[in-house]
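Residues per chain, in single letters:
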Amino acid sequence: MKTKANFSGMKEFDVTGRVEGKIAVVTGAASGMGAAAAQMLAAEGATVVLVDRNEALGVKITEAIGDRASFVKLDVADEEQWNGLAEEIKARHGGLDILVNSAGIVHIAGVEDTSLEDFNRVIAINAGGIFLGCKSMLPLLKKSRHGSIVNIASTASHQGFGLGFAYGASKGAVRTMTKSIAAYCQDRGYPVRCNSIHPNEIETPMMEDVMQRSGRPETVAEGILPPGKLGATSDVAYAILYLASEESRFVTGGELTVDNGSLMRPWATSIPDQA
Ligand SMILES: NC(=O)c1ccc[n+]([C@@H]2O[C@H](COP(=O)([O-])OP(=O)(O)OC[C@H]3O[C@@H](n4cnc5c(N)ncnc54)[C@H](O)[C@@H]3O)[C@@H](O)[C@H]2O)c1
């Protein structure tokens, strides 16, 4: 049956229960794409555990979703906290079907200006967070009938990022970890698929930050890619929904770009590669 759902910042969309009855964990769910994914998965019938280190914003989004959602404060770089979450989910929900890893940070500094400390911090969150999330949730996911992991990488996984050296390195790791996990699960007959999404130029607080720090906000805000607009968080949430649902049952180890063609035409990207 078709109904309608509407969340702040998203256009009204048709809902048909595409992930009805599934249990999902979404990291980075207090903001941007993680928040949009949590809202869409819940609207489509999933019970969603929103995870973020920003408790105030996370609770706000969770309350807006309603009964199908709960919030857990967690730092994705902390293994103990992930293990605690796995126990909590097992006790509260009995299992897990979907893991969306969207939490991430950006650090604007090129290779010459990146300290080892900053490099390690970005890698620990953007790459380590996904490693720990997948590792700790796999024992639950492999007991699902149809487990799905969706990792949010970036077009920087392919292109690198001159202005964000550590960020580019971390996203390259997300791309290959995704394939390693997909192959590992398939080889063992685990019913768990693992895919990555590679967004670019999506309007979120992180993108705003990049625009401000890269020194050409007016160019980026206007956009030079056709059709000249940044993407919406719902553009990525729809891709997450597809990969999370059983509609994508034959898709694993794959990568989906949601970038308005910027990977196809890297010279046209709105983000300058030099300050
Ligand atoms: N916005 C874009 O155009 C774009 C492009 C490519 C990739 N991405 C990726 O998409 C993902 C989501 O980004 P967004 O644009 O929605 O950003 P955002 O800043 O709006 O959201 C990121 C969320 O991650 C959370 N977070 C950060 N570090 C954390 C930690 N250690 N533990 C738990 N939570 C943590 C933040 O609190 C925030 O709620 C990120 O992985 C980002 O790298 C974004």
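All values derive from a computational prediction rather than experimental measurement.

Draft legend 1. Molecular detail of the side chain of threonine 114. In this fold, threonine 114 is placed in the loop between strand 6 (98-101) and helix 4 (116-141). A distance of 3.2 Å separates a polar atom in the side chain of threonine 114 from the backbone oxygen of alanine 109. At a separation of 2.8 Å, a polar atom in the side chain of threonine 114 contacts the main-chain carbonyl oxygen of glycine 110. The residues contacting threonine 114, other than those within four sequence positions of it, are Ala109, Phe119, Phe165 and Ala166.

Draft legend 2. Fine view of the packing of aromatic side chains. All chains considered together, the criterion is met by three aromatic pairs. Judged by centre distance (6.1 Å) and plane angle (80 degrees), the ring pair of phenylalanine 161 and tyrosine 167 falls under edge-to-face. In this pair, the class of phenylalanine 161 matches that of tyrosine 167, namely buried. Seen from their ring centres, tyrosine 184 and tyrosine 190 are 6.0 Å apart, and the 70 degrees between their planes marks the pair as edge-to-face. A relative accessible area of 38% places tyrosine 184 in the partly exposed class. The ring of tyrosine 184 is capped by arginine 188, whose NZ or CZ atom sits 3.7 Å from the centre of that ring.

Draft legend 3. Layout of the packing of helix 1 (residues 32-43) against helix 9 (residues 233-244). In contact at an axis separation of 8 Å, helix 1 and helix 9 are set at 55 degrees when each is read in the N-to-C sense. On the basis of their axis angle, the class for helix 1 and helix 9 is oblique. Considering only the axes of helix 1 and helix 9, their crossing is right-handed. When helix 1 is examined against helix 9, the residues Gly32, Met33, Ala36, Ala37, Met40 and Leu41 are found in contact with a partner set consisting of Thr233, Ser234, Val236, Ala237, Tyr238, Ile240, Leu241 and Ala244.

Draft legend 4. The state of the cysteines, seen in detail. Evaluated as defined, the whole model comprises zero disulfides. Note on cysteine 134: no disulfide assigned, nearest cysteine sulfur contributed by cysteine 194 at a separation of 5.2 Å. Just so you know, cysteine 185 is unpaired, no disulfide at all, and the nearest cysteine sulfur is the one on cysteine 194, 7.0 Å from it. Given the relative accessible area of 0%, cysteine 185 is considered buried.

Draft legend 5. Molecular detail of the pattern of salt bridges. Tallying each qualifying case throughout the model produces eight salt bridges. Among the ionic pairs, arginine 68 bridges to glutamate 20, the shortest N-O distance being 3.7 Å. Of this pair, arginine 68 sits in the loop between helix 2 (55-65) and strand 5 (69-73) while glutamate 20 is found in the loop between strand 2 (13-15) and strand 3 (23-27), placing the two residues 48 residues apart along the sequence. When its relative accessible area of 35% is taken as the criterion, arginine 68 is described as partly exposed. Taking the shortest distance from any N to any O, the salt bridge between arginine 92 and glutamate 88 comes out at 2.7 Å. You can see arginine 92 and its partner glutamate 88 sitting in helix 3 (residues 79-93), four residues apart, about one turn around the helix. When its relative accessible area of 32% is taken as the criterion, glutamate 88 is described as partly exposed. One salt-bridge network, in which partners are shared between bridges, spans Arg175, Lys179 and Glu255.

Draft legend 6. Inspection of the site of the ligand at higher detail. The environment of the ligand is made up of 29 residues, and the closest members are Ser31, Asp52, Tyr167, Ile202 and Thr204. With respect to the ligand, the backbone of glycine 32 contributes an N or O atom lying 3.5 Å from an oxygen atom. Isoleucine 202 places a polar main-chain atom, nitrogen or oxygen, 2.8 Å from an oxygen atom of the ligand. Taking 820 Å² as the accessible area of the ligand by itself, protein coverage stands at 94%. Listing elements by their share of the shell around the ligand, those giving two or more residues are helix 1, helix 6 (165-187) and helix 7 (205-213). The element that contributes the greatest number of residues to the shell around the ligand is helix 7, accounting for three residues. Counted by class, the shell around the ligand contains 15 nonpolar, nine polar and five charged residues.

So, how was this worked out
- Residues numbered from 1 in each chain as written.
- Predicted model: local features only at pLDDT ≥ 70, side-chain atom pairs only at ≥ 80, totals over all residues.
- Heavy atoms only, no water.
- Helix = DSSP H or I, 4+ residues; strand = E, 2+ residues; numbered from the N terminus.
- Polar contact = N/O pair within 3.5 Å; in protein donor to acceptor, adjacent residues only side chain to side chain.
- Contact = heavy atoms within 4.5 Å.
- Phe/Tyr/Trp six-rings, centres within 6.5 Å; stacked < 30°, edge-to-face > 60°.
- Buried < 20%, exposed > 50% of the residue type's maximum accessible area, 1.4 Å probe, protein only.
- Lys NZ or Arg CZ within 6 Å of the ring centre and 35° of its normal.
- Axes fitted to C-alpha atoms, helices over the stretch in contact; angles between N-to-C directions.
- Parallel < 35°, antiparallel > 145°, perpendicular 65-115°, else oblique.
- Left-handed = near helix turned anticlockwise from the far one by under 90°.
- Disulfide = S-S within 2.5 Å.
- Salt bridge = Lys/Arg side-chain N within 4 Å of Asp/Glu carboxyl O.
- Near = heavy atom within 4 Å.
- Areas by Shrake-Rupley, 256 points an atom, 1.4 Å probe, with all protein chains shown as cover.
- Nonpolar A, V, L, I, M, F, W, Y, C, P; charged D, E, K, R; others polar.

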